[in-house]
Amino acid sequence: MTRKSILGEVRQVQLAVELIGLGARLQFLEAVVTLSRERLIRLYKELKGVSPPKGLLPFSTDWYMTWLANIHSSMFYNIYRFMRDEAGEGELPALIKAYRLYTEQVESQGSEVVLDFTRAETMVRFFDSDMLQLSPCSRCGGHFVAHAHDHKHGYVCVLCRPPSRAGKARKPKLAPVRRAGLIAGGPVLDIGGAVS
């Protein structure tokens, strides 16, 4: 009979709280945390005030190829890859740190976070399954998310060759910005506004 460690359980609860705060779905929590499903649901409701969302997880790589999603996905995955390869982080700590850094960078520019945690985690699995790859842009040299086994020669990224309607679909909107406990209304700029 194995004895449960109180400290181990506390660490699992802390990890679950952190992941729920980032927006992790219940399916992901069950895979990485040893707490029971019932405890995770209670924890989720206590933190978010609502039941965990239901429905299918993302299953297609096509979402990551659209213009704005590709920019955000590429930014996140390059941070994640740095955390794994250069900082020597394990898979889960690299995922958490990369996602935090990604959201901080986007919000510091006053832009909207396009890539949610579930899509970020799913994208990492797509890379692990050899369904996605990073392709170097032949113009700017940046590495962008692309379908696996696409031709890398002559690839031009979505920043160097944006579609004609890039950045025109959304209008800037007012959204509350929470910084250090203060709430202020301010324009949220679409990242596409910087590329014209």
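This text follows the structure it describes.
These figures come from a predicted structure and were not determined experimentally. (Residues numbered from 1 in each chain as written. Predicted model: local features only at pLDDT ≥ 70, side-chain atom pairs only at ≥ 80, totals over all residues. Heavy atoms only, no water.)

Visitor: Help me out: how do you make sense of the overall build of the protein chain in this one?
Guide: When helices and strands are tallied, the protein chain shows six helices and four strands. Along the protein chain, helices (α) and strands (β) appear in the sequence α-α-α-α-α-α-β-β-β-β when read from the amino end. A total of 196 residues make up the protein chain; the buried ones form 36% of that total. Taking the contacts inside the protein chain whose residues are at least 6 apart along the sequence as the reference set, 49% of them involve residues at least 24 apart. (Helix = DSSP H or I, 4+ residues; strand = E, 2+ residues; numbered from the N terminus. Buried < 20%, exposed > 50% of the residue type's maximum accessible area, 1.4 Å probe, protein only. Contact = heavy atoms within 4.5 Å.)

Visitor: Please explain the packing of aromatic side chains as it appears in this structure.
Guide: Geometry of an aromatic ring pair is reported as the spacing of the ring centres plus the angle between the planes. Evaluation of the coordinates by the stated rule reveals 10 aromatic pairs. Taking 5.5 Å as the distance between ring centres and 70° as the angle between the ring planes, the aromatic pair formed by F28 and F117 counts as edge-to-face. Linking F28 in helix α2 (residues 26-32) with F117 in helix α6 (residues 117-128), this pair joins segments that are 89 residues apart in sequence. Of the two residues examined, F28 and F117, each falls in the buried class. Centroid distance Y77 to F127: 3.6 Å. Interplanar angle 10°. Geometry classified as stacked. Here F127 lies in helix α6 and Y77 lies in helix α4 (residues 67-85), a separation of 50 residues in the sequence. By relative accessible area, which is 10% here, Y77 ends up buried. F127 gets classed as buried once you look at its relative accessible area, which sits at 12%. (Phe/Tyr/Trp six-rings, centres within 6.5 Å; stacked < 30°, edge-to-face > 60°.)

Visitor: Would you mind going over the nonpolar core with me for this structure?
Guide: Among soluble globular proteins, nonpolar side chains are generally buried collectively. Core analysis: the biggest nonpolar cluster contains 43 residues, and L19, F76 and M123 have the highest contact counts within it. Mapped by element, the contributors of at least two residues to this core are α1 (6-22), α2, α3 (37-48), α4, α5 (91-108), α6 and β1 (132-136). With eight residues, α4 is the single largest residue contributor to this core. Not counting residues up to four positions away in its chain, the partners in contact with M123 are Y64, S73, F76, Y77, L115, L132 and V145. (Core = buried A, V, L, I, M, F, W, Y, C linked by side-chain atoms within 4.5 Å.)

Visitor: Looking at this model, I keep getting lost on the pattern of salt bridges. Mind explaining?
Guide: Note on pairing: side chains with opposite charge can pair once their charged atoms come close. Scanning all chains against the criterion turns up five salt bridges. One salt bridge connects E9 with R39, and the closest N-O pair in it is separated by 2.3 Å. Of this pair, E9 sits in helix α1 while R39 sits in helix α3, and the two are 30 residues apart along the sequence. Here R39 falls in the partly exposed class, since its relative accessible area comes to 31%. A salt bridge links E18 to R100; the shortest N-O distance between them is 3.3 Å. Residue E18 is located in helix α1, and its partner R100 is located in helix α5; the two are separated by 82 residues in the primary sequence. Assessed through its relative accessible area of 28%, E18 is described here as partly exposed. Classification of R100 by relative accessible area gives partly exposed; the value is 35%. (Salt bridge = Lys/Arg side-chain N within 4 Å of Asp/Glu carboxyl O.)

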